[in-house]
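These are the residues of each chain, in order.
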Amino acid sequence: MLHAIVIPPPSKSSSERVCTYSNRYINTVGRQQQLELQKKKNLPTLPQFKGTLVAAPRSYPMLANIFQNCLTFRTTHGQKDTCNTSVTAFGSKILALMEQGLPSEISVSKDGKIKTVLAGSNLDGALPNNNPLTGGNLGAHGRTCGKTNERFQISYAATPFANPLCRIDVFEEGFKFKRTIPVDVPVAVMTHDMAITENYCVVMDLPLTVRSERLAFDKFPVEFEADSPARIGLVPRGGTRGPIGDKPKPKFSSGNDFAASKGDPDLTSLVTRTDRETNESEDGTIWFSCLPGIVLHMGTAREMICEETGRKVAVLHGLKSLPNTPNSFILSYTAAYLYEWVLDIESGKLLREGVLNDAQLVEFPVVDNMTNGMGNCEFVYAAAVERIGGPLLSHNNPSEGVVIDGVVKFGLYGKDKGKVVGKFTLPTDEWAVSEPTIVENGYLVMCASRVSKTTDKKTGFNSMQASFLYVVSTEDMRMVSKVLLPEIMPYGLHSDFASWNVLSDV
């Protein structure tokens with residue numbers, strides 16, 4: 001389900017703004033098939049697609065579910081295109097995304113009406129049909145360059161039929177296709193997110209691998225391989241080696257200022273200085289060996305000049321976690337911390353990597369979109385994890401979840417590097433149900449719901465009592481507005497901001 005909150009611009013007659021809230025299920029191809037079957041057989045409820053992730057860590061039940069879906073809905077696409085992972089607005093188009101399936105094009109009107117414009121969109125033929133179970137895919141995350149206004153969207157293959165196994169699709173405004181940059185990886189990995197510098201796309205080739213051969217042994221295809229090689233790739237943004245914007249770079253000190261480990265074995269293995277050689281591939285991609293782990297979400301990346309060597313370096317920030325077992329990332333929640341990598345572009349060495357803050361658990365990092373590819377991002381914001389708990393009553397994999405109580409602002413450089421320089425904390429008994437989203441003019445928004453202190457004896461849940469939209473200043477993390485929503489908003493994942501001129505008139 002997609003939720004939309006529309007905040008109109010101030011009018012000439014009044015400074016008061018009336019927000020609208022709406023929600024609607026995205027009418028994906030799979031949902032259309034469900035509705036058609038319900039109507040054809042006169043069923044009292046909507047027939048359901050059987051899930052795939054619920055089978056982890058086994059594969060045989062997953063394969064059986066896919067086969068059953070094909071029979072039930074008379075389709076070759078046995079995995080439903082839920083389009084419930086992420087949403088992104090770029091120019092005149094808004095896409096609902098699901099990582100391993102085709103996106104749905106949607107529209108939101110100025111009075112809050114949500115409409116599915118095109119389900120199963122291949123963006124006018126831009127997306128290859130590389131997955132027989134879904135008809136193709138577009139990854140959940142990408143970055144829009146603040147300078148060139150190009151959109152870079154990273155996708156990975158979940159089947160052995162795809163070539164390449166990883167790709168970066170480049171779009172002009174409105175998701176008009178420009179080109180595809182193939183990324184040469186030896187095995188498909190779950191590259192859920194990326195970052196961009198002025199000249200490079202950053203690809204995290206970390207060993208959360210996707211191997212279809214595991215299916216034959218009743219194993220889930222996605223596993224973390226702790227002993228497999230881990231790499232970071234700097235892929236030329238133009239598709240070939242060569243600078244795009246060589247403006248003067250800010251200075252960067254290579255001193256060791258990582259967080260001191262408190263004895264946690266996971267953190268001890270993460271806080272490490274490395275000095276490993278790298279290789280440059282024929283397409284100009286520079287590959288750096290690094291420590292294994294999982295990075296689902298990147299924060300930012302920029303090119304700088306190292307004060308000690310005078311050479312150009314790429315400084316990357318993201319959230320890194322280190323699972324305990326191959327399946328632990330799928331079956332249970334794995335904590336993530338703000339992490340930094342420093343890559344010497346000219347000498348071809350990873351200078352260092354490590355945790356910047358081991359005291360603050362966080363998720364869903366966001367930056368001002370206008371800083372992507374500009375080399376001027378000084379802060380990263382992230383959802384503050386208050387605690388981890390489980391087992392969840394209505395969700396199997398992972399069996400644990402997080403409670404988010406606000407937003408933290410991290411400094412990335414100088415004396416504030418790795419420090420929480422600001423925090424917005426939700427009121428008692430309110431918990432975030434969306435990630436923080438940065439909007440225009442120095443503000444971020446987050447949705448939260450107030451939860452009852454008592455458990456309902458019939459459902460076993462603590463019921464939600466009310467939902468709110470918070471508007472927070474990114475400068476001092478002060479709340480500037482709180483809006484009561486007309487309906488309860490359940491827990492969700494990613495969100496995005498679309499400017500007023502992107503919204504439709506009807």
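The structure displayed is predicted, hence computed values, not measured ones. (Residues numbered from 1 in each chain as written. Predicted model: local features only at pLDDT ≥ 70, side-chain atom pairs only at ≥ 80, totals over all residues. Heavy atoms only, no water.)

Attention shifts here to the packing of aromatic side chains. For the structure shown, the criterion picks out 7 aromatic pairs. Arranged with centres 5.4 Å apart and planes meeting at 85°, the rings of Phe-90 and Phe-175 form a pair that is edge-to-face. Here the residue Phe-90 occupies a position in strand 3 (residues 86-90), and Phe-175 occupies one in the loop between strand 9 (166-172) and strand 10 (176-183), the gap between them amounting to 85 residues. By relative accessible area, Phe-175 is classed as buried at 1%. With centroids separated by 5.3 Å and ring planes inclined at 65°, the aromatic side chains of Phe-171 and Phe-175 adopt a geometry described as edge-to-face. In this structure Phe-171 comes out as buried when scored by relative accessible area, which is 0%. Each member of the aromatic cluster is reached from another via a ring pair, and the members are Phe-90, Phe-171, Phe-175 and Phe-177. Sitting over the ring of Trp-287, Arg-231 keeps its end group 3.6 Å from the ring centre. Positioned above the aromatic ring of Phe-468, the side-chain terminus of Lys-482 is 4.2 Å from the ring centre. (Phe/Tyr/Trp six-rings, centres within 6.5 Å; stacked < 30°, edge-to-face > 60°. Helix = DSSP H or I, 4+ residues; strand = E, 2+ residues; numbered from the N terminus. Buried < 20%, exposed > 50% of the residue type's maximum accessible area, 1.4 Å probe, protein only. Lys NZ or Arg CZ within 6 Å of the ring centre and 35° of its normal.)

Let us look at the sheet that holds strand 8 (residues 151-156). Pairing is antiparallel in the open sheet, where 4 strands are placed in the order 7-8-9-10. Edge positions in the sheet fall to strand 7 (142-144) and strand 10, since each has one partner strand and no second. Pairwise comparison of adjacent strand axes, ignoring direction, gives a mean angle of 20° for this sheet. Here 7 bridges tie strand 9 to strand 10, and the two strands are oriented antiparallel to one another. Looking across to strand 10, one finds that Phe-171 is bridged to Phe-177. (Pairing = 2+ DSSP bridges. Axes fitted to C-alpha atoms, helices over the stretch in contact; angles between N-to-C directions.)

Two pairing modes exist for strands in a sheet, parallel and antiparallel, and in both the strands are linked by backbone hydrogen bonds. Read from one edge of the open sheet, 4 strands run 23-24-25-26, paired in antiparallel fashion. The open sheet has two free edges, formed respectively by strand 23 (362-366) and strand 26 (420-425), since each of these has just one partner strand. Strand-to-strand twist of the sheet, defined as the mean angle between neighbouring strand axes without regard to direction, takes the value 30°. Sheet topology note: the strand 25 (residues 401-411)/strand 26 ladder contains 5 bridges and is antiparallel. From the neighbouring strand, Lys-409 faces strand 26, where its bridge partner is Gly-422.

This is a description of form; function is not addressed.
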